[in-house]
Amino acid sequence: MKSIAFGTLKGGTGKTTSCFNLAGALALNPDNKILLVDGDPQCNLTNDIGIDCSDMERNNIRTIFENKKIDPSELIMHGVLEQLPNIDIIPSNILLIKTEMQLVSIAGREKLLANYFERNKEFFSQYTHIIFDTNPNLGVINQNIFYFVDSIILVSDVSLNAIQGAELFTFLWEENIEDLGIDNNIKALIINNFDKRINLAKDLQDYYLSEAEFKDILVEVPIPGSVAMKDTSINHLPLVVLQPHHQVATAIKRVVKDLIVREVF
Ligand SMILES: Nc1ncnc2c1ncn2[C@@H]1O[C@H](COP(=O)(O)OP(=O)(O)OP(=O)(O)O)[C@@H](O)[C@H]1O
Ligand SMILES: [Mg+2]
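Residues numbered from 1 in each chain as written. Chains lettered and ligands numbered in written order. Predicted model: local features only at pLDDT ≥ 70, side-chain atom pairs only at ≥ 80, totals over all residues.

Enquirer: What am I meant to see in the overall build of the protein here?
Expert: When its secondary structure is counted, the protein shows 13 helices and seven strands. For 265 residues, the compact-globule estimate of 2.2 N^0.38 gives 18 Å, and the C-alpha radius of gyration of the protein, at 17 Å, lies within 12% of that figure. Across its three principal axes, the protein shows a C-alpha extent of roughly 50 × 45 × 30 Å. Each of the 265 residues in the protein was classed as buried or not, and the buried ones make up 45%. Considering only intrachain contacts with a sequence separation of at least 6, the fraction spanning at least 24 residues in the protein is 78%. (Helix = DSSP H or I, 4+ residues; strand = E, 2+ residues; numbered from the N terminus. Rg over C-alpha atoms; globule rule 2.2 N^0.38 Å. Buried ≥ 20, exposed ≤ 12 C-beta atoms within 10 Å, placed from the backbone. Contact = placed C-beta atoms within 7 Å.)

Dropping the structure here:
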């Protein structure tokens, strides 16, 4: 079982879109069994997959923090995507923001999620991949996610603000892991919404390749910008299923291949 989280400290770079679409491509291999976990109170991943996150009755990621004893089988929604039955999800909930505030004063607060997965590791070992989406901050919930996962994938778009977001994330997380006592788990950097006609596009790639903390983790193939990617959210289906022959679907499969080589996926 590999655990992965998408992150950065700039909003809107395509973390959720990449998470949904790369997981979709990974699920084309029927040997893979994927658990998506939505760690963002905005619930974008939950919405993308077609689940209503305002449902207060349903268990969700909050439940892990509020009821340590919850049986993991009660958290999970199975086979939400008919075409990709090997994807399960633990949805988010709009009140996750409230949990965030409640956790601030608890001792060992950054390790609660890791402890839960450790206690239930037999159950979670049925999955080949557990993939978390996060929002652009390093609050307690995200710290729990980034502490738990084997690999963090940074997502940049083609903008100076995205470089700043990736650098700030790397700087703050490296400081954090010293205190948490783990090795650096930032293992990949993806450029999303790529358009080579933008003047900055080539410079941005060159910049990442020139920086010590990014040059070895940059995934060479970017995910192109395309309206087809916006449709994945509206249609609740990853592009590899929605338009399998689209050139962006091909790029997504190449990114997945690269991440497999890196042993991130
Ligand atoms: N490759 C792409 N081509 C075109 N549009 C894209 C692409 N990737 C993402 N988008 C669009 O950009 C917007 C932001 O994407 P997304 O919600 O995935 O970003 P995010 O990083 O998850 O945002 P947040 O920081 O709020 O969680 C969405 O409208 C999405 O449809
Ligand atoms: Mg998002």
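Enquirer: Is there a simple way to explain the environment of Leu95 in this structure?
Expert: Within the element layout of this structure, Leu95 appears in the loop between strand E3 (87–90) and helix H4 (96–103). The spatial distance from the C-alpha of Leu95 to the C-alpha of Ile70 is 18 Å, given a sequence separation of 25 residues.

Enquirer: Please clarify how the site of ligand 1 should be interpreted in this entry.
Expert: Ligand 1 sits among 20 residues. The nearest are Gly11, Gly14, Thr16, Thr17 and Met229. Of the residues that constitute the shell around ligand 1, the class distribution is three nonpolar, 14 polar and three charged. (Near = placed C-beta within 6 Å. Nonpolar A, V, L, I, M, F, W, Y, C, P; charged D, E, K, R; others polar.)

Enquirer: Explain the nonpolar core here, please?
Expert: Most often, soluble globular proteins keep nonpolar side chains buried together rather than apart. In this structure, Ala23, Leu36, Ile153, Ile190 and Ile252 are the most contacted members of the largest nonpolar core, which totals 69 residues. Ignoring anything within four residues of it in the chain, the contact list for Ile153 reads Ile4, Phe6, Ala188, Ile190 and Val264. (Core = buried A, V, L, I, M, F, W, Y, C linked by C-beta atoms within 7 Å.)

Enquirer: Any chance you could explain unusual backbone geometry here in plain terms?
Expert: Positive phi is not limited to glycine here, since Cys43 has a value of about 60 degrees. Following the sequence through the fold, Cys43 ends up in the loop between strand E2 (34–38) and helix H2 (44–49). A positive phi is found at Glu263, a non-glycine position, where the angle reads about 60 degrees.

Enquirer: Would you mind going over the packing of helix H5 (residues 112–119) against helix H7 (residues 140–148) with me for this structure?
Expert: Packed helix pairs are characterised by how far apart their axes lie and by the angle those axes make with each other. Look at H5 against H7: their axes get within 7 Å of each other, and the N-to-C directions meet at 45 degrees. With respect to their mutual orientation, H5 and H7 come out oblique. Facing Leu112, Leu113, Ala114 and Phe117 of H5, the residues of H7 in contact are Asn144, Ile145, Tyr147 and Phe148. Tallied by class, the residues present in the contact of H5 with H7 amount to seven nonpolar, one polar and no charged. (Axes fitted to C-alpha atoms, helices over the stretch in contact; angles between N-to-C directions. Parallel < 35°, antiparallel > 145°, perpendicular 65-115°, else oblique.)

Enquirer: Would you mind going over the pairing of E2 with me for this structure?
Expert: As a general feature of sheets, a regular strand has side chains that alternate between the two faces. Of all the five residues making up E2, five are buried; the element is thus mostly covered by neighbouring parts of the structure. Burial along E2 is two-sided: the face carrying Ile34, Leu36 and Asp38 and the face carrying Leu35 and Val37 are both buried. As paired elements, E2 and E3 share four bridges and run parallel to each other. Bridged to Leu35 within E3 is Asp88. As defined by bridge partners, E2 adjoins strand E4 (residues 129–133) across five bridges and the pair is classed as parallel. Counted as the bridge partner of Asp38 is Asp133 from E4. (Pairing = 2+ DSSP bridges.)

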